[in-house]
Amino acid sequence: MAISGCDTIDLAKKYGTPLYVMSEDEIRRVCGSYVASFQKFYHGNGRPIYASKAFCCKEMCRIVLSEGLDLEVVSGGELFTALQAGVPGQNIHFQGNNKTIPELELAVDNNVGDIVVDNLSELEKLERVAACKGKVVHISLRIKPGIDAHTHEFIRTGQIDSKFGLDLASGEAFCAVKRALELEHIKLMGLHCHIGSQIMEKEPFVHAAEVMLGLMSQIKTELGVTLDFLNLGGGFGIHYKETDDFIPYIEYMEAVSIKIHEKCTELQLDLPKIFIEPGRSVAGEAGITLYTVGGIREIPDVRSYVAIDGGMFENPRYALYQSDYTCLIANKANQPAGYTATVAGKCCESGDLIQEHTKIQTPEEGDILAVLSTGAYNYSMASNYNRNPRPACVMVRNGEGRVIIRGETYQDLIRNDL
Ligand code: LLP
């Protein structure tokens, strides 16, 4: 089994396991097609923004920037990483439902191009920070459009009962717009919404675009203000299993753009700049994780556990969301997958599973097990649970691999211990 021309067994031998492997070819291909879709559907009036929470490190920031994407960050740490990677503040969009004063200061000091204000108290906080620094900051407002997307409840964000954003239905969002327009050190540039993640239908995105343009039109008619942009967030679903009912993201882009053009004509609104903020669909399918198989525990009439040298510390998604994954034995990839396995990690916890009752090739100790589509929300959600060091990440391109994140050592684990 190979990825970007690199044999996975050679990668496992050279760099050790567990190992995150990311295909630069695939990341660049997806970025390129998002950029091209903005040319096609909006004549370049807008751009894609990579949601770096999916997979954030300096090299990833450099790659997406070089492909013409902006970057979304959601914490001081992601912001710092992007700045250190050389991303200009102007190309950064700063999200988060409870940004701290030091985080806002870091953003204002570095002239972040778009601070996405989540709530009224943050708006006032940011006004004070900007006033102290004698700057006028460009912001957008995160709106909760009241759309219930069908995805796991932990990653749904656009419905009324959500900790994110200003509520549209109650009038809170409109009040925030009026307040933002009054503030001296704030320049309101646009609106933002994000309805959830791993969404496998077009309709919720189309509906969100419609609702958001309605608000833009209300702002224009009642306040006489035409906003510059509309950011429709991320959330396009990807393949985890071959059977996933997957919609190519170009189809989401097309469906949304048709609605946007229609609605702008109907509302006599100039077409705003359109932004989208994909994370998972940029990084997810580009990544795989390689493990070495350890013990195999076959419990008659119950199940067979196949232990690997990783687990919930480097991929907590099954433990958290019962996420689907495709697993296979990389050194037997051409053999039939007739063995039903529960892939278990090495953490001291029964729920530490990567997948249950999944079909793989007959495993033996020492085999290399690959888990596919781990490029998003794996490394970025990893921890040191049980004091396991986080694995290295290797970027592969045209048959060549290079380490982009060093694997942690035991020394790293005690670095901050006093
Ligand atoms: N923009 C905002 C404001 C977001 O909150 C998110 C994701 C995105 C963009 C990117 O969405 P994407 O295109 O990646 O779906 N840890 C969860 C996913 C949480 C997503 C949070 N927000 C998981 O592992 O499935």
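Residues numbered from 1 in each chain as written. Predicted model: local features only at pLDDT ≥ 70, side-chain atom pairs only at ≥ 80, totals over all residues. Heavy atoms only, no water.

## A short note on the packing of helix α6 (residues 120-133) against helix α7 (residues 172-182)
At step 1: Contact geometry of α6 with α7 gives a least axis separation of 10 Å together with a crossing angle of 10°. Taken together, the axis directions place α6 and α7 in an arrangement best described as roughly parallel. Contacts between α6 and α7 involve Leu120, Leu123 and Glu124 from the first element and Glu172, Ala176, Arg179 and Ala180 from the second. (Axes fitted to C-alpha atoms, helices over the stretch in contact; angles between N-to-C directions. Helix = DSSP H or I, 4+ residues; strand = E, 2+ residues; numbered from the N terminus. Parallel < 35°, antiparallel > 145°, perpendicular 65-115°, else oblique. Contact = heavy atoms within 4.5 Å.)

## Let's talk about the site of the ligand
At step 1: The environment of the ligand is made up of 20 residues, and the closest members are Ser197, Glu277, Arg280, Arg317 and Tyr377.
At step 2: Between a nitrogen atom of the ligand and a side-chain N or O atom of glutamate 277, the distance comes to 2.6 Å.
At step 3: Protein coverage of the free-state accessible area of the ligand, which is 580 Å², stands at 92%.
At step 4: When its residues are assigned to classes, the shell around the ligand shows 6 nonpolar, 8 polar and 6 charged. (Near = heavy atom within 4 Å. Polar contact = N/O pair within 3.5 Å; in protein donor to acceptor, adjacent residues only side chain to side chain. Areas by Shrake-Rupley, 256 points an atom, 1.4 Å probe, with all protein chains shown as cover. Nonpolar A, V, L, I, M, F, W, Y, C, P; charged D, E, K, R; others polar.)

## Let's talk about the nonpolar core
At step 1: Counting residues in each nonpolar core, the largest one holds 88 residues, and the members touching the most others are Tyr50, Ile139, Leu141, Leu191 and Leu232.
At step 2: Broken down by element, the residue count for this core peaks at 9 residues, all from helix α8 (residues 203-223).
At step 3: Contact partners of leucine 191, with chain neighbours within four places excluded, come to Ser140, Leu141, Ile143, Val177, Met212, Leu215, Met216, Ile219, Leu227, Phe229, Leu230 and Asn231.
At step 4: By size, the runner-up hydrophobic cluster in this structure holds 16 residues, among which are Val293, Ala341, Val343 and Ile360. (Core = buried A, V, L, I, M, F, W, Y, C linked by side-chain atoms within 4.5 Å. Buried < 20%, exposed > 50% of the residue type's maximum accessible area, 1.4 Å probe, protein only.)

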